[in-house]
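Okay, here's what each chain looks like letter by letter:
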Amino acid sequence: MFAFLVSEQYQSIVIFVGIVVSFVAAFFLFGNAKRFLPRDAGREYAVNGAKSKGKARGAGLILILTFISAVILFVDFTPEILIYLLLLTAEMVAGFLDDSSSVSWGERKKAMLDLGISVIFAITYLVYNPSTFNLSFINVTVHIHPVLYAILIVILVFVSINVTNCADGVDGLCGSQCIIAFGTVIAIMHKYGIAANFSHMLVMLLAVLGAYMWFNSSPSSILMGDAGSRALGFLLAVSCIKLGHPVLFLLIAFILIVDGGLGLAKLTFTRILKRPVMTGIRTPIHDHFRKNLGWSDTHVVNRFAIIQAVIAMCLIFTVVQ
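What counts, and where the lines are drawn
- Residues numbered from 1 in each chain as written.
- Predicted model: local features only at pLDDT ≥ 70, side-chain atom pairs only at ≥ 80, totals over all residues.
- Heavy atoms only, no water.
- Helix = DSSP H or I, 4+ residues; strand = E, 2+ residues; numbered from the N terminus.
- Rg over C-alpha atoms; globule rule 2.2 N^0.38 Å.
- Buried < 20%, exposed > 50% of the residue type's maximum accessible area, 1.4 Å probe, protein only.
- Contact = heavy atoms within 4.5 Å.
- Areas by Shrake-Rupley, 256 points an atom, 1.4 Å probe, with all protein chains shown as cover.
- Lys, Arg positive; Asp, Glu negative; His and termini not counted.
- Charge placed at Lys NZ, Arg CZ, Asp CG, Glu CD.
- Axes fitted to C-alpha atoms, helices over the stretch in contact; angles between N-to-C directions.
- Parallel < 35°, antiparallel > 145°, perpendicular 65-115°, else oblique.
- Left-handed = near helix turned anticlockwise from the far one by under 90°.
- Nonpolar A, V, L, I, M, F, W, Y, C, P; charged D, E, K, R; others polar.
- Patch = residues over 30% accessible without salt bridge, like charges linked within 9 Å, V, L, I, M, F, W, Y side chains within 5 Å.
- Salt bridge = Lys/Arg side-chain N within 4 Å of Asp/Glu carboxyl O.
- Core = buried A, V, L, I, M, F, W, Y, C linked by side-chain atoms within 4.5 Å.
- Phe/Tyr/Trp six-rings, centres within 6.5 Å; stacked < 30°, edge-to-face > 60°.
- Lys NZ or Arg CZ within 6 Å of the ring centre and 35° of its normal.

1. Observations concerning the overall build of the protein
When its secondary structure is counted, the protein shows 13 helices and four strands. Taken over C-alpha atoms, the radius of gyration comes to 19 Å for the protein, in line with the 20 Å a tight globule of 321 residues would show. When its C-alpha atoms are laid out on the principal axes, the protein stretches across 55 × 45 × 35 Å. Within the protein, the proportion of its 321 residues that are buried is 51%. The long-range fraction of contacts in the protein, counting pairs at least 24 apart against all pairs at least 6 apart in sequence, stands at 73%. Carbon and sulfur atoms make up 69% of the accessible area of the protein, which totals about 14800 Å². The protein carries 22 positive and 16 negative side-chain charges, and their two centres are separated by 8 Å.

2. Points about the packing of helix 12 (residues 285-292) against helix 13 (residues 297-319)
Where helix 12 contacts helix 13, the two axes come as close as 10 Å, and the packing angle between them is 135°. Our classification of the angle between helix 12 and helix 13 gives oblique. For the crossing formed where helix 12 meets helix 13, the hand is right-handed. Touching I285, H286, F289 and R290 of helix 12 are D297, V300 and F304, all from helix 13. Of the residues in the contact of helix 12 with helix 13, the class split is four nonpolar, one polar and two charged.

3. A look at a nonpolar patch on the surface
A grouping of I13, F16, V17, V20, V21, F23 and V24 is seen on the molecular surface, where their side chains present a nonpolar patch of about 590 Å² in accessible area. Looking at where V21 falls in the secondary structure, it is placed in helix 2 (residues 11-31). Residue V21 is classed as partly exposed on the basis of its relative accessible area, which comes to 38%.

4. Some points on the pattern of salt bridges
A side chain of one charge can pair with a side chain of the opposite charge when the charged atoms of the two come close. Taken as a whole and judged by the stated rule, the model has nine salt bridges. The shortest N-O distance in the salt bridge between K55 and D171 comes to 3.7 Å. Of this pair, K55 sits in the loop between helix 2 and strand 1 (56-57) while D171 sits in the loop between helix 6 (146-166) and helix 7 (173-192), placing them 116 residues apart in sequence. Grouping residues by exposure puts K55 and D171 together as buried. Here D226 makes a salt bridge to K110, at a shortest N to O gap of 3.6 Å.

5. Topic: the nonpolar core
Among the nonpolar cores identified, the biggest contains 91 residues, and F30, L63, F67, F121 and M201 are the most heavily contacted of them. Per element, the largest residue contribution to this core is eleven residues, and it comes from helix 8 (residues 196-216). Ignoring any residue separated from it by four or fewer positions in sequence, one finds F30 in contact with A59, I62, L63, V208, A211, Y212, F215 and I222.

6. Considerations on unusual backbone geometry
Cis geometry is found at the peptide bond from S218 to P219, where omega equals -5°. Note on placement: P219 falls in the loop between helix 8 and strand 4 (222-223).

7. With respect to the environment of A309
In this fold, A309 is placed in helix 13. For A309, a relative accessible area of 28% gives the class partly exposed. Taking the C-alpha atoms as reference points, A309 and A90, separated by 219 residues in sequence, lie 30 Å from one another.

8. Describing the environment of I186
Inspection of the secondary structure puts I186 in helix 7. For the pair I186 and S239, spaced 53 residues apart in sequence, the C-alpha to C-alpha distance is 9.0 Å. Not counting residues within four places of it along the chain, the set of residues in contact with I186 comprises S199, L202, V203 and L206.

9. Focus on the packing of aromatic side chains
Under the definition given, this model contains twelve aromatic pairs. With a centroid separation of 6.4 Å and 65° between ring planes, the pair formed by W295 and F304 is classed as edge-to-face. The exposure class assigned to W295 is partly exposed, which follows from its relative accessible area of 22%. Through a chain of ring-to-ring contacts, the aromatic side chains of Y84, F121, Y125, F133, Y149 and F234 assemble into a single cluster. Between R303 and the ring centre of W295, over which it is positioned, the NZ or CZ distance is 4.7 Å.

10. A short note on the packing of helix 7 against helix 8
Contact geometry for helix 7 and helix 8: axes closest at 10 Å, N-to-C directions at 155°. On the basis of the axis angle, helix 7 is roughly antiparallel to helix 8. Once helix 7 is placed against helix 8, the crossing between them reads as left-handed. Of the residues in helix 8, those touching helix 7 at G175, S176, C178, I179, F182, G183, V185, I186 and M189 are F198, S199, L202, V203, L205, L206, L209, G210 and M213. Residues belonging to the contact of helix 7 with helix 8 are distributed by class as follows: 13 nonpolar, five polar and no charged.

Purely geometric numbers; function is a separate question.
Below, the structure written as structure tokens:
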């Protein structure tokens, strides 16, 4: 709203104010989250799952609503971005309803919702953007049939939602990885002048994520739940596609993909082959390091963040030319 009312020369001031307001508002809301959010019942099957019992769950509701409010107030958004925000809201609401339910919605129901949102996004994206993307490593622009590109977009978004969701099992892991991933996208967009208003939007997200991490760092007092992790996974895929370099998702979200992707692959192949596979690996991978190798939660979060940060620096300074 304010971005539409001021001239372009004052946009940076509006963004600065938006960052501060987003952080302060999110900090206040997260600090009072226990008053109105559902409580986690603990997960017996998860490593250290009992530690989550009684904590405020579904803080993704606050995270996403605060972020969307900041975008509306402080970013010069377009009809295209507005549609993306509506889809983000739908993913968040579905996740929050699952967080609040005494019985999990189940994999099939959530998969159908993710698929539907992915399809709508793919169609919307191709209405507003050409069916081309860049191969960053060899500086080549690829022209592809819109239908095939839509299918590839759906796959990327669906995978991103689910691997990001898998990371929400250790205090600070999902939040720290998302901060690095979105920060990488912002840096590349800014460096090469790509989608300025979209990068301004993501800066608001970093402010809100920073406030969330204050309360989610180990030992946490709040959990984002599916309301946050699934919505962030959706937005991360959207950001990589909007960047124009969707292949970079493999590096921008490398730790998320390894952490959650191996679990999805293990489950898929086990069902296809009708027998256990990768029996020596506990998934998500963060559980393998905690249970099998004896890493603490802090070790997992910090070491995974270091790896992803190094990859991010390589991307920002060497890959996209």
